[in-house]
Number of protein chains: 2
Amino acid sequence: MASAEILSIGTELLLGHVLDTNSQFLARELAVLGIDCFFRSTVGDNKSRIKEAAKAALTRADILITTGGLGPTADDLTTETLAEIFDAPLDFDREVLSKIESYFAASRFPMPESNRKQALRPRGADILPNANGTAPGMIWKLNESLLSKLHIPGKQKVILTFPGVPQELYAMWKETAKPFLEHYFSGETIWSCQLKHFGIGESALAQKYEHLLNLANPTVAPYAGFGECRLTVTAKGKTEAEAKVIAQPVIEEILQTSGTHCYGFDNETLESATAKLLIAQNKTLAVAESCTGGLISQRLTDIPGSSAYTKSNAVTYSNEAKMTLLNVPENILVQHGAVSPECAEAMAKGILNLAKTDIGLSVTGIAGPDGGTADKPVGLVYIGIATKDKCSNTKLVLPSQLSRANIRQRAANTALNMVRVLLLEQNS
Amino acid sequence: MASAEILSIGTELLLGHVLDTNSQFLARELAVLGIDCFFRSTVGDNKSRIKEAAKAALTRADILITTGGLGPTADDLTTETLAEIFDAPLDFDREVLSKIESYFAASRFPMPESNRKQALRPRGADILPNANGTAPGMIWKLNESLLSKLHIPGKQKVILTFPGVPQELYAMWKETAKPFLEHYFSGETIWSCQLKHFGIGESALAQKYEHLLNLANPTVAPYAGFGECRLTVTAKGKTEAEAKVIAQPVIEEILQTSGTHCYGFDNETLESATAKLLIAQNKTLAVAESCTGGLISQRLTDIPGSSAYTKSNAVTYSNEAKMTLLNVPENILVQHGAVSPECAEAMAKGILNLAKTDIGLSVTGIAGPDGGTADKPVGLVYIGIATKDKCSNTKLVLPSQLSRANIRQRAANTALNMVRVLLLEQNS
């Protein structure tokens, strides 16, 4: 199996001015081609550090992919530095030069002298054409004699260079580099998917699926964040279809075992999973929010077509709003307070009646950082859920030290998940 | 001047499943501290490659910062691998263990055995506390005798480890790591601030302040994104106080010239700037949202203490909700439609009356991707604003090709800015 390393070149990356999305794009694409990528690095516009990083990468991997440093200015050093590593002369490419000239002719701007340098390439390297800009990249097949100059073992390695502008890089990858690599290395294809879980912790999940975590093909790995977690299943095969077939039994086992804990694949969110069920069951949902302040409503309406299940939602922050809009009885607020199971249920019933929907959902709690007491600390949240026949509530005790935004997100996650599970149960 | 390297650890990064935003955050923060960063690298969850990358980084730089690999599962290898490099024994930290136990006690999930490993740390390392998760990081000062084990020259270097979850990392950086590094390396201090603008484009801003863009100390640079833009003023001095004094005259010039276009500094948002004015003027605001679906309400209540100005907000998605909740006259909906200046004004008046606030704000539009027509394309938004005496509306025509989320954010930005400017004008 072939291996590649990605080297991102640019001082703007090291200063954090630019987010390196190119590396993520290339990493994904290499995985699809079945090319391993074990290291990725970033250096600035500095010859000696570019050399150090490029040599280290070529020592370890079969393919070096660079991004950035192909522009016309003095700090664009990629081509000349790579040539220097192998002591290769730089030639002007007439064809590239005339393309750059015609690019400028079409643009009405005069061509600066410095752009000529973009037509330089190390002797023996091929051009990686760039349809969307003046900087072409190169595909440089390094033979044994070049490699021996660096005391690098191996008969053939290859360097591909790309400009840093993402749109130029994407097109160059798709049109030239990807077909070249597919042909050059006839390797395996990697296919992977994420199974997203809610209501179960990362370590509990890892324990439940311990027998899967040491498989070789497919591999299974747990990841966590934001009170939810996911299992990534990754399979290798000669084709994508074969890899999928290899992954399938494990995916089915997880779906079966996890039950309602697993809410979907890849880009699924708790709101999109809930929305799908609402639409499939032709049901409507109304939300009355206190501490989440509109967050649940915002997430539910982020989904195109949300008007199918949304009529109106309310943010009832003050006690007065809870009474006048949702008909929460005053004695509940006086006796139990706004953050109570009684209030959560009254709010859920209230919004159900106001909006005339199939399901009413409510959230009331203390998001902090202020407003907590010994009895009712920051992080205490009650969620109410009501249908025509039934009303219930759930108590959530989140760690008080979490940020306000985090408490609100987790409360919203749990609330959305309650609707999702209710819809699944009603339908089963 | 001290130097640092960032090492991101995680197979999910190498496969491109996750975009490495942590590295950008850390790179920016290091630049602000005046700490050089010449290399950045990424490796998977693999001991030998973590070792190789960590050793190379420590040979070159004074500080190694790692992200990822601190979780409870078998593929979380950072702590034990770093300990192995220096042949340091791993001790259980009782305090960390009890914190992890209380975290689980509060969360309703039983604590899995594997979480105990998150309390391990190499002998001699200090804890880098994590307020938002179970995985603490560490600050490990490496003395000469540890460094000599790797034949690394130098008297002292330091390793800082962070989990991969961005929100946890940000808080840990701000609360502990940044103050530690500021104290640890006393170099030249860089101080910078951002002046955030709304309602003026990047190039107009750059033109207006052309005379400032070539200054040497302080420097002034414009950045843009998401329909708003900012000027960053950066000054160097022996101390932070000295750097601030150097920046001050330029900041004052910008504040004077930009007027209401500049809504605040650094972490100020349109909602926090609006909230400050509402609180200072003791005024209340109610929002009736259609296409933004709760986003404005969510943003306004993200701010601690938002109950001072929020009573109730409504998301009125359906025409029926607009009529019953907000008293929008049926003939407006029939004659002009829900996306019209007339409806926006009626909604703003309606929510003002319903919530009995000083200001009523409304948004109605087409967020897409579907629902657009030749007359009313995706991206058309009307914003209404009402007080006791006055009601007006603004038409916003956003590019149709923008994403639904982007259209909703920009509509919310403009709406919040209208309230902000109204409050400034009322008070002037």
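Residues numbered from 1 in each chain as written. Chains lettered and ligands numbered in written order. Predicted model: local features only at pLDDT ≥ 70, side-chain atom pairs only at ≥ 80, totals over all residues. Heavy atoms only, no water.

Undergrad: Can you tell me about the sheet that holds strand β3 (residues 63-67) of chain B, naming the residues and giving the values?
TA: To summarise the sheet geometry, strands pair through backbone hydrogen bonds and adopt either a parallel or an antiparallel arrangement. The strand order across the open sheet formed by twelve strands is β6(A)-β7(A)-β8(A)-β3(A)-β1(A)-β2(A)-β2(B)-β1(B)-β3(B)-β8(B)-β7(B)-β6(B), and the pairing between neighbours is mixed. Each of the sheet's edge strands pairs with one partner strand only, and the pair in question is β6 (126-128) of chain A together with β6 (126-128) of chain B. Here the strands of the sheet are splayed against their neighbours by 20 degrees on average, with no regard to which way each runs. By the bridge criterion, three bridges tie β6 of chain B to strand β7 (residues 137-142) of chain B in an arrangement that is antiparallel. Paired with L128 of chain B across the two strands is G137 of chain B, which belongs to β7 of chain B. (Pairing = 2+ DSSP bridges. Helix = DSSP H or I, 4+ residues; strand = E, 2+ residues; numbered from the N terminus. Axes fitted to C-alpha atoms, helices over the stretch in contact; angles between N-to-C directions.)

Undergrad: Describe the packing of helix α12 (residues 319-326) of chain B against helix α14 (residues 341-355) of chain B, with residues and values.
TA: Residues and elements named next belong to chain B. Two elements in contact, α12 and α14, have axes whose closest approach is 9 Å; the angle formed by their N-to-C orientations is 40 degrees. Comparing the axis directions of α12 and α14 gives the class oblique. Between α12 and α14 lies a crossing whose hand is left-handed. In this structure, α12 uses K322, L325 and L326 to contact α14, whose residues at the interface are C343, A346, M347, G350, I351 and L354. When the residues that make up the contact of α12 with α14 are grouped by side-chain class, the tally is seven nonpolar, one polar and one charged. (Parallel < 35°, antiparallel > 145°, perpendicular 65-115°, else oblique. Left-handed = near helix turned anticlockwise from the far one by under 90°. Contact = heavy atoms within 4.5 Å. Nonpolar A, V, L, I, M, F, W, Y, C, P; charged D, E, K, R; others polar.)

Undergrad: Explain the packing of helix α3 (residues 47-60) of chain B against helix α4 (residues 78-85) of chain B to me, using residue names and the numbers behind them.
TA: All names here are of chain B. Running from amino to carboxyl end, α3 crosses α4 at an angle of 60 degrees, the nearest separation of the two axes being 10 Å. The pairing of α3 with α4 is recorded here as oblique in orientation. Handedness of the crossing formed by α3 with α4: right-handed. Counting all contacts with α3, which are made through K47, I50, K51, A54 and K55, the residues of α4 involved are E80, T81, L82, E84 and I85. A per-class count over the contact of α3 with α4 returns four nonpolar, one polar and five charged.

Undergrad: I'd like a description of the pattern of salt bridges, backed by residues and values.
TA: All names here are of chain A. All told, the structure shown has 29 salt bridges over all chains when counted by the stated rule. Across the salt bridge formed by E144 and K155, the nearest N and O atoms sit 3.7 Å from each other. Placement of E144 in helix α6 (residues 144-149) and of K155 in the loop between α6 and β8 (157-162) is noted, with a sequence separation of eleven residues between them. Residue E144 is classed as partly exposed on the basis of its relative accessible area of 44%. (Salt bridge = Lys/Arg side-chain N within 4 Å of Asp/Glu carboxyl O. Buried < 20%, exposed > 50% of the residue type's maximum accessible area, 1.4 Å probe, protein only.)

Undergrad: An account of the side chain of T67 of chain B is requested, with residue identities and associated values reported.
TA: All names here are of chain B. Tracing the sequence through the fold places T67 in strand β3. What makes T67 buried here is its relative accessible area of 2%. Setting aside residues up to four positions removed in sequence, T67 forms contacts with L7, S8, I9, N22, L26, F162, P163 and L169.

Undergrad: I'd like to hear about α12 of chain B, residue by residue, with values.
TA: Residues and elements named next belong to chain B. Buried residues of α12: A321, K322, L325 and L326, and no others. Mapping the buried residues of α12 onto a view down its axis gives an arc of 100 degrees, with all of them on the same face. Phi for N327, located one or two positions after α12, is positive at around 60 degrees. (Arc of directions from axis to C-beta.)

Undergrad: Give me the pairing of strand β16 (residues 380-386) of chain B: which residues, what numbers.
TA: All names here are of chain B. The element β16 is largely enclosed, with a buried count of seven among its seven residues. Residue alternation in β16 divides its side chains into two sets, L380, Y382, G384 and A386 and V381, I383 and I385, and both sets are buried. Where strand β15 (residues 359-365) and β16 come together, six bridges link them in antiparallel fashion. Bridge pairing in β16 places L361 opposite I385. Bridge count between β16 and strand β17 (residues 391-397): seven bridges; the pairing is antiparallel. Opposite I383, over in β17, you have T394 as the bridge partner. Connecting β16 to the antiparallel partner β17 that follows it, the hairpin turn spans four residues.

Undergrad: A description of the interface of chain B and chain A should follow, citing residues and the corresponding values.
TA: Many authors give the size of an interface as the accessible area that is lost as the parts come together. At the junction of the two partners, chain B supplies 76 residues and chain A supplies 81 residues. Summed over both partners, the interface of chain B with chain A buries about 6,100 Å², with 54% contributed by carbon and sulfur atoms. Summed over the shared surface of chain B and chain A, the number is four salt bridges. Among the ionic pairs, D302 of chain B bridges to R408 of chain A, the shortest N-O distance being 3.0 Å. For the interface between chain B and chain A, the tally reads 39 residue pairs in polar contact (both at pLDDT 80 or more). With seven residues, the single largest contributor to the side of chain B that touches chain A is strand β2 (residues 36-43) of chain B. Classifying every residue of the side of chain B that touches chain A gives 32 nonpolar, 27 polar and 17 charged. With five bridges joining them, strand β2 (residues 36-43) of chain A and β2 of chain B adopt antiparallel strand pairing. Across the sheet, the residue bridging to V43 of chain A is F39 of chain B, located in β2 of chain B. (Buried area = accessible area lost by both parts, 1.4 Å probe. Polar contact = N/O pair within 3.5 Å; in protein donor to acceptor, adjacent residues only side chain to side chain.)

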